[in-house]
There are 2 protein chains.
Amino acid sequence: MEHLKRLFDINPWKLATNELHHSDIRLQESLTSTGNGYMGMRGNFEEGFGGDNHQGTYIAGVWYPDKTRVGWWKNGYPDYFGKVINAINFIGMDIFINDHQIDLNTDTVSDFYQELDMEHGMLSRHFTIETSDMTVKFSFKRFLSLTVKELGVIRMTAEVIKGSGSIKVVSKLDNNVHNEDSNYDEMFWEEIAVGEGFVTAKTIPNNFDIEQFTLTALMENHATGTAISHKETAAFLATESFIFDVKEHDHIALEKQVIIVTSRDIEESKQLEVATSLMKEVNELSLDEHQTNHALAWEKRWEIADVVIEGDDEAQQGIRFNLFQLFSTYYGEDERLNIGPKGFTGEKYGGATYWDTEAYAVPLYLALADPSVTKNLLKYRHNQLPQAHHNARQQGLKGALYPMVTFTGVECHNEWEITFEEIHRNGSIAYAIYNYTNYTGDTSYIKQEGLEVLTEISRFWADRVHYSKRNKQYMMHGVTGPNEYENNVNNNWYTNYIAIWVLKYTLENYRRYQQETAVQISEEEMAHWEDIIANMYFPKDDELGVFVQHDTFLDKELIPVTDLDPKDVPLNQNWSWDHILRSCFIKQADVLQGIYYFNNDFTMEEKRRNFEFYEPMTVHESSLSPCIHSILAAELGMEEKAVEMYQRTARLDLDNYNNDTEDGLHITSMTGSWLAIVQGFAQMKTYDETLSFSPFLPKKWSKYAFHINYRGRLLHVLIDSQVTITLLSGEPIDVTIYNKEQHLTDTLTVAIEA
Amino acid sequence: MEHLKRLFDINPWKLATNELHHSDIRLQESLTSTGNGYMGMRGNFEEGFGGDNHQGTYIAGVWYPDKTRVGWWKNGYPDYFGKVINAINFIGMDIFINDHQIDLNTDTVSDFYQELDMEHGMLSRHFTIETSDMTVKFSFKRFLSLTVKELGVIRMTAEVIKGSGSIKVVSKLDNNVHNEDSNYDEMFWEEIAVGEGFVTAKTIPNNFDIEQFTLTALMENHATGTAISHKETAAFLATESFIFDVKEHDHIALEKQVIIVTSRDIEESKQLEVATSLMKEVNELSLDEHQTNHALAWEKRWEIADVVIEGDDEAQQGIRFNLFQLFSTYYGEDERLNIGPKGFTGEKYGGATYWDTEAYAVPLYLALADPSVTKNLLKYRHNQLPQAHHNARQQGLKGALYPMVTFTGVECHNEWEITFEEIHRNGSIAYAIYNYTNYTGDTSYIKQEGLEVLTEISRFWADRVHYSKRNKQYMMHGVTGPNEYENNVNNNWYTNYIAIWVLKYTLENYRRYQQETAVQISEEEMAHWEDIIANMYFPKDDELGVFVQHDTFLDKELIPVTDLDPKDVPLNQNWSWDHILRSCFIKQADVLQGIYYFNNDFTMEEKRRNFEFYEPMTVHESSLSPCIHSILAAELGMEEKAVEMYQRTARLDLDNYNNDTEDGLHITSMTGSWLAIVQGFAQMKTYDETLSFSPFLPKKWSKYAFHINYRGRLLHVLIDSQVTITLLSGEPIDVTIYNKEQHLTDTLTVAIEA
C-alpha cells in the first residue's frame, strides 16, 4: 500500500527517532501519546509547534453532549453526540532564547531525538537549537504517574553549548482549548477561577441534563539554576515565568508537576483545596522517586502482560506498542469507565464505549487481569440496562438495545445506518457474558445480572425479526453488519446468527438457573423464541459452500482486493460512499466474525470455504478486522496470511495502514495483536470450559511467549522449537495440546507441529 | 385521520375565516401566503404576533450556501446545503393605542376576519380591538403586484368605534431576520446601509464561491388623517412612525408601498437609485389603480388556468388554491428560476429545484402556458449540464447526474440515501424532454440541447448498472426509489425501468437526428447500451402478477394501511426511521409512478394488478403521491378511489393531511389536483402525438371544465352530462373521445360514459 508510513525506528521496547517529521507531526503526536487511565495526551511538544499539529489532552470520563446536527432529522435519532473533549494543556512551556521564541517548525535544529520508552512509560525528547546568540541543547522528559494518577510531571533541562544571554521559560496551564471536531468552533469550557498556579474550568451548559464537569489544574515549578520567576494570570491561563541568565556550559532545569482533579471525584468547591493537599503529598517524595515508582509500576504490568517475540523486532515492537497504549487508556481501575476508541490520543468518533470492548477487549482482560476487571466491564452494561431499554424504545422496539456509542448508556451516535441498524452490537454484549462465564467458570454473574441483560437483549431480537409469510421463515431486515461498507441490508448472516445464538443461550441459562434468578420468562414467550430459533432464515449458498453475507451479496460484482488499483486504497478516502456501498469490498470481517465467535459450530471445511471466499474481498479498513482473519488463517494452517494479518493489526498505527493515525490511535483494536498471537498462532481455545492450544511458530520467528490467567492459575506459554507450558501458580489442570489432553502440574513440553 | 385540520371556510374563490387560530398561527400563515413570482411571504400579521409564529419573507433566487453538517462525512457529499433565506420583513407596522402595543395573541379581539381572495390575489384582514381607552376596528389589505413585480402594497385603515386618544403606527423595514433552520442561529445577512426609508443588506460571505446577494428595500408611507410623522433608523431597521390623534368615529389610514430590488437584477451600488426611480414610476398611478391592475392580471391568469367544478365547493376551493399558490411561486417569467418546494411560504427543504418540476409541473405548464415556458424549464437543465457532470464525478461515475436539490445545478442535498441513491430523478429530466417533444411536436429542442442532455444521462445509467455474472443480467444496486421510505435497495423496478427507457429513447432519437446533432455516440457505446437494454433485470412476481418494487420487497410483512392504528399516521411523525424502513408502507407511488409515466407500455390487467397490490400499502406521506394514484384509479374505473385521491391532493394543505403545512405549503405538488382532473378524471392522454379523452364525472359533481393549449390550439373541455370539447382557437384537430377518433373543428359533444 502506497501510503504506509513508518516514523519510528524498529526497536523492541521503544519508539525512537532522530527525525522531526515536519509534515507528519500529527502522526508523530498520535504515536507518542501517553496516559495513565485517568488522563492522557498526545505527544505534543512542551514548547508548542507553529506548524500543523493537534494539541490534545483528555481526561477520562470528562465529555460534552454536542447537539446532534443532521441534514434531515429522523425519528429515533439521539438528541446529542457525546464528544470526548480537549481539556487543559498543562505541559506547556514557552521557551525564549534572548526573546526568540523557539519553535521546531521554523528553527534550525540538530541532534533531534524523541523516544517513547514503553517499558517505563516515559516520553523524552532532546534537540539542539542554534540561534544567532546561542546554541542550546534542550531535553524533556515527561510522564503521567501510574502511582499518583492525578500527577503529571514534565522535566526540562537545557545545556548552553555556545554563547550566553537569557533563557526564559514560561510554564503554563492553558485552558484555551477547542475541539477540532466542534461545530462552529465553540469552546466547550467556561472559566470558573484562575489564580496563581491554578486554573478551574467547567464544561459549558447543555440542554440534555448531562452533568457539567469541573476541572482544576494546579502546578508547581522548580527551577535549577539562577532564575527570576514571575506568576501571571489571564483568561483560562495561569503562567509562571523563569528568566535564567546563562553562559556557555551552564546547565539549567525546570521541573513542573501538575495535579489534575475533576468533579468526577471532587466537588468543584473543594477542588483547589484537594489539589493543594495532593500536591503537598506529592512533595513528600522527590520527582526522581515518583519517576522510579512510575517506571516500576509499568514494569509490573509487563511482568504478566508482555508477549515476548524473538526473531522479529517489528512484530515485537508492534504488540508492545499495542499493549502499552491499551493499558495507558484502561487498566480496569475505575468501574465507571470503559475503553474509548481513541483513548487519550484524539477526539474523533466520540463516545467512551463501543461493542469493541466486549468483542475484542474482554478476551484479553480475562487472560491478563483479575476476573474482577472483566466483571466490572460486564456490570457497566448491566448498570446501563435502563438506558438500553430507552434505546430500544427510541426505535419503537421491546427489550434492550445497547448503544453503538455512548458515555451514559444512552445512544449518542447519529447516523441512522449505524445507530438504528448496526444492532449486531447487542449480540456482543451477550457474548461477553458467555465469554466471562465460560472462561472463569464463575456463574455468579450470569445467574443474576447476566440473565437480566440476556433476557432483555433476547426480547429485543424477538421483536426485531419479522415473519415472512412468503418464505415461511423469520427474517431480519434493515441492518448493518460488522461490514459497515454495506448499509441497510437484509438478513445479514452474522446478525441473524448472533441473534439466534442469544435466544438459545438465554433460554439455556434461564432453564438452568430458573430457581436462582429474579428474571421471569413466560412459557408463551419461550415458545415464541423457540419458534424463531427453529424457523430463522440464514442466507447460504450451497454451490459455493458459503454463508452469504446478506440476501443479495452474491448479485454483486465479486472481485478480489488484489484487482484494486493501489491508489484507490484506503477506499474510504478515495471512493464515494455510493461506490463503496455497491462494491463487494468488506471493511471488516463479517461472516468470518461469526465463525470466529462460534468457532466450534462449524466444520473445518466450512471455515476454509468461507475464509477463502471472503478474505480476498476484505480491505480491513476497520482496525478490528485483521486480527480475526489472522486467528482464522492460523487455524486453517495459512501461516503466511496469519502473519500478514498479525503484522497489519500489530503495526496498524505504527505503519499507518489506514492512513488515519494522525487523528489518534485505534485503541479498541489494540488487543488484536494479542488475540492474533494467543488465539491465532497459539490457537488457545477455551470452548466448553476446557483449555487447549495448537501452536505454530511463524517461520521468521525463533520464539514467542506469553502468560495467561486461567481459573486461578498463572500459566506461561512458550513456543520455540517446542511448546512449553509452565504452571507458575495455582492448582494442576488439564490442558489439551494438539488435540491431546495432558495434565499440567509443573511443565509440559511437546514438539512443535508444522 | 385524526390530525386533519381545516382552518378556512369552504368557498369557491376564497380562503376566509372569522377565527383567529391562536395555536395554529403557523398553519394559518402558511395557507395565507402570497407571492408574485419575484417575491413572496407567509401570511404574517402586519402588526406582528407575540405567540408562536413564523415570520417569513422570501425573494426568488436569493439564497445562502450553508456548510454541510453531518455526523460522519462520506465522500461525495456536497460542501454546502443551499438554503432559501428569510429576507427583510417589509410589511411590518407596529400599532399602539395610547402606548398599548396591540398583539392579537394577548389582546381581546372581536369581529376577526381574514380572507385570501384567490381570484384577485388580495390578502385582507380586519378585527376590532377593545382596550381600556378605546375600541378600534383595524383593516388591512395587501398584495404583491403582478404588474410591478418589485412592488408590495400594504393598506391599513382604522376606525375609532369608541373612545379617543392616540394611535401610533410604526411602519418598518426590518432586516433583523433569521432562518429558523439555520445552524446555531446564525444570521445570513450583513448590513450595507440603512437610511431614511430604506435598508440595504447583503448575504454574509461564504466559502463556496457562491455569489453574495444584496437587497435594497425602499418604502413610502402615506397617512390619511392628522398625523405627526417621524423617521428613524437602527441596525438593519428603518422606521417611519405616525401618531394620529383620534376621537370617536374617526377614520385613519396608512398606505405603505415598498420597492424591493436585488443584485440578481441591479448591482448593489445602483440599487437605491433604481428603487427610488421605480418608486417614482409607481407614484404615477394611484394605489387603487395598482390594485386594479394587479387584480386584472390575476383574472387574466384564471381565464385559461381555471378549472371550474360545480357541485363540490371543497374540490373547487382546493384546485383554485393549488393553482393560485403555484402561480404565486412561478409563472415562467424568469428563466433563471425554478419551482422551489415551499415557494415563498417557508424555508424547509432548501434548494430551488427538484425533479418535481419535470415530473409534476411540466405537464401543467405544457397545457396552460406558452410552450416557451416549458422550453425554458428544459433549457434551465441544459444550462446546468456541466454541474450535472460534476455531480456524477462526485460519485465517481460517468455522464451527468442531475441534482436532487439545487440552486445552481450542483447537488446541495446531504443525506447519502437521497443524494447518492435517489438517482431516478435523472430519468425525469429525460422524461420531460420526451414530454415536451411529444406534447408540442416541436423537435428543435431535442435535436440540439435535448440529445446532449439525454446522452449524458444515458452515460450515467450505463455506468451505474453492473453486470451480475451469477444472474447473467444487468442490475442496479444501492438506490432509493420514489418511495423514500425504503433506502439503499437493489433493483428498484421504477429506477431500472426509467433508466432503460432513457437508453432506448436516447438511442432512438440519436439515430433519428444523427445528421442534425453535434452529439457523438460511438458504435461501441451504442452496442453496450443495447446490451444493457436487452439484459436488464426487472423484478417481478408472476404469481401475484406484479412488478416488484425492489428485490426483497415481498419478503416484508405485507399489511394494508387500513390495519394501521390511526394514531400512528403520519408515520414519519410517529414511527422511528428504522420502523418505517422495515415496514411495507410506501411514502409515494413507486411502481405506480412508472406505470403512470409509461402508461402505454402496460395492459389494463397489469395496471389493475399493480394498483390493487400497491395502493393499499401507500400512505401518501409525500405530497407528490395521491395525484398519481388518482390518475390511475380513474383509468381503472375506480371512481371512489380517484375522487378520494383527488381530494387528498387538492386539499393536502387546506386540510393539513400530512400535518406539516405549518412549515409551508407543498408548492411543487400543487399541480397534482390539476393532473388528477385533466389526466385522471378526463383521462386526457397525448401518447404518440395523439390527443384523447375518456372522461368520467364524479358522482357528487354536476360539472367540471378546463382549458388546454395543445399544438397551437386552445380547447375548452366541459364534462357534465355530456363531454363537450370546443376549439376556441387554432386549426381543426383530431381528438379521440372514448377510443373513437373524431375531427374537432368547432365543438364536439358526446354522451358521458359511466
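Since the model is a prediction, treat every value here as computed from it, not as a measurement. One numbering rule holds for all chains: residues counted from 1, following each sequence as written. The lettering of chains begins at A and the numbering of ligands begins at 1, in the order of writing. Local features in this predicted model are restricted to residues of pLDDT 70 or higher, and side-chain atom pairs are both shown and tallied only at a pLDDT of 80 or more, whereas totals for entire chains, interfaces and linings draw on every residue. Heavy atoms throughout the structure, all of them, feed into the side-chain values; hydrogens and water do not.

A word on the sheet that holds strand 27 (residues 713-719) of chain B. Residues and elements named next belong to chain B. In this scheme, strands are said to pair when DSSP sees at least two bridges between them. Runs of E in the DSSP output that reach at least two residues are strands. Runs of H or I that reach at least four are helices, and both are numbered from the N terminus. Strand order in the open sheet made by the five strands is 20-26-27-28-31, with antiparallel pairing throughout. Taken across any chain shown, the strands that pair with only one partner, and hence form the sheet edges, are strand 20 (308-310) and strand 31 (747-751). On average, adjacent strands in this sheet sit at an angle of 15° to one another, irrespective of strand direction. Of the pairings in the sheet, the one linking strand 26 (residues 703-710) to strand 27 comprises seven bridges and is antiparallel in character. Interaxial angles span 0 to 180 degrees and are taken between N-to-C directions of axes, which are lines fitted to C-alpha atoms, for helices over the stretch in contact.

Confidence scores here are pLDDT values: one per residue, from the predictor, ranging 0 to 100. Mean pLDDT over chain A works out to 96, with 99% of the residues at or above the 70 mark. The ipTM value of the predicted complex is 0.92, and its pTM value is 0.94.

As a further point, take the pairing of strand 11 (residues 135-144) of chain A. Residues and elements named next belong to chain A. Exposure is judged per residue with a 1.4 Å probe applied to protein chains only, and the accessible area is read against the type maximum: over 50% gives exposed, under 20% gives buried, and values in between give partly exposed. Most of strand 11 is tucked away: seven of the 10 residues are buried. In terms of strand pairing, strand 10 (residues 122-130) meets strand 11 through eight bridges, oriented antiparallel. Its bridge partner being in strand 11, H126 is matched across the sheet by S139. Here strand 10 hands over to strand 11 after four residues, the two strands then running antiparallel side by side. Note that strand 11 and strand 12 (residues 151-162) share 10 bridges and pair antiparallel. Across the sheet, the residue bridging to L144 is G152, located in strand 12. Hairpin connection between strand 11 and strand 12: a loop of six residues separates the two successive antiparallel strands.

Residues and elements named next belong to chain A. For E150, the position within the fold is in the loop between strand 11 and strand 12. Exposure remark for E150: the relative accessible area of 13% places this residue in the buried category. Any pair of nitrogen or oxygen atoms within 3.5 Å is treated as a polar contact; in protein, a donor-acceptor pairing is required on top of that, and neighbouring residues in sequence qualify only through side-chain atoms on both sides. Here K149 takes part through its side chain, which lies 3.1 Å from a polar atom of the side chain of E150. What E150 contacts, discounting residues up to four positions off in sequence, is Y38, M39, V258, I259, I260, V261 and L278. In this analysis, two residues are considered to be in contact whenever any of their non-hydrogen atoms come within 4.5 Å of each other.

Another point: the interface of chain A and chain B. In this complex, chain A contributes 52 residues to the contact, which on the side of chain B involves 51 residues. One speaks of a salt bridge when a side-chain nitrogen belonging to Lys or Arg is within 4 Å of a carboxyl oxygen belonging to Asp or Glu. Applying the counting criterion to the chain A and chain B interface returns eight salt bridges. Applying the counting rule to chain A against chain B returns 30 residue pairs in polar contact (both at pLDDT 80 or more). Where the side of chain A that touches chain B is concerned, the elements lending two or more residues are helix 8 (416-419), strand 21 (466-468), helix 13 (571-574) and helix 14 (577-582) of chain A. If one sorts the elements of the side of chain A that touches chain B by residue count, helix 14 of chain A sits on top with five residues. By residue class, the composition of the side of chain A that touches chain B is 14 nonpolar, 22 polar and 16 charged. Just so you know the grouping, Ala, Val, Leu, Ile, Met, Phe, Trp, Tyr, Cys and Pro go in nonpolar, Asp, Glu, Lys and Arg go in charged, and all remaining residues, Gly too, go in polar.

Let us look at unusual backbone geometry. Cis geometry marks the peptide bond from V569 of chain A to P570 of chain A, where omega comes out at -5°. Tracing the backbone through its elements, the reader meets P570 of chain A in the loop between strand 24 (546-547) and helix 13. For N656 of chain A, which is not glycine, the phi torsion reads 55° and is therefore positive. Examined against the element boundaries, N656 of chain A turns out to sit in the loop between helix 18 (639-650) and helix 19 (672-681). With a phi close to 55°, N488 of chain B is a non-glycine residue in the positive phi region. Residue placement: N488 of chain B occurs in the loop between strand 22 (473-475) and helix 11 (493-513). On the basis of relative accessibility, which here comes to 11%, the residue N488 of chain B falls in the buried class.

Moving on to the relation of the copies chain A and chain B. A least-squares superposition brings the copies together, and it is based on the C-alpha atoms of residues with pLDDT no lower than 70 in both. Mapping chain A onto chain B is achieved by rotating through 180° and translating by 0.0 Å along the same axis, at an RMSD of 0.0 Å. Taken together, these values place the two copies in the relation of a two-fold axis. Of the C-alpha atoms belonging to chain A, the one lying closest to the rotation axis is found on V70 of chain A, 2.5 Å away. Most of the interface of chain A is mirrored in chain B: 98% of its interface residues are interface residues there too.

Residue and element names in this part refer to chain B. Helix span, as expected, comes to 1.5 Å for every residue beyond the first. Here helix 5 (residues 356-368) is 13 residues long and its end C-alpha atoms lie 17 Å apart, about the 18 Å a rise of 1.5 Å per residue gives. Of all the bends found along helix 5, the most pronounced is centred on V362 and spans about 45°, while P363, a proline, follows it within four residues. Judged by how many residues are buried, helix 5 sits mostly within the fold: 13 of 13 residues are covered. The bend reported for a residue corresponds to the angle between axes fitted to the seven residues ending at that residue and the seven starting there.

Attention now moves to helix 19 of chain A. The element helix 19 of chain A is extensively covered by neighbouring structure, given that 10 of its 10 residues are classed as buried. When helix 19 of chain A is considered as a whole, its buried residues turn out to be G672, S673, W674, L675, A676, I677, V678, Q679, G680 and F681 of chain A.

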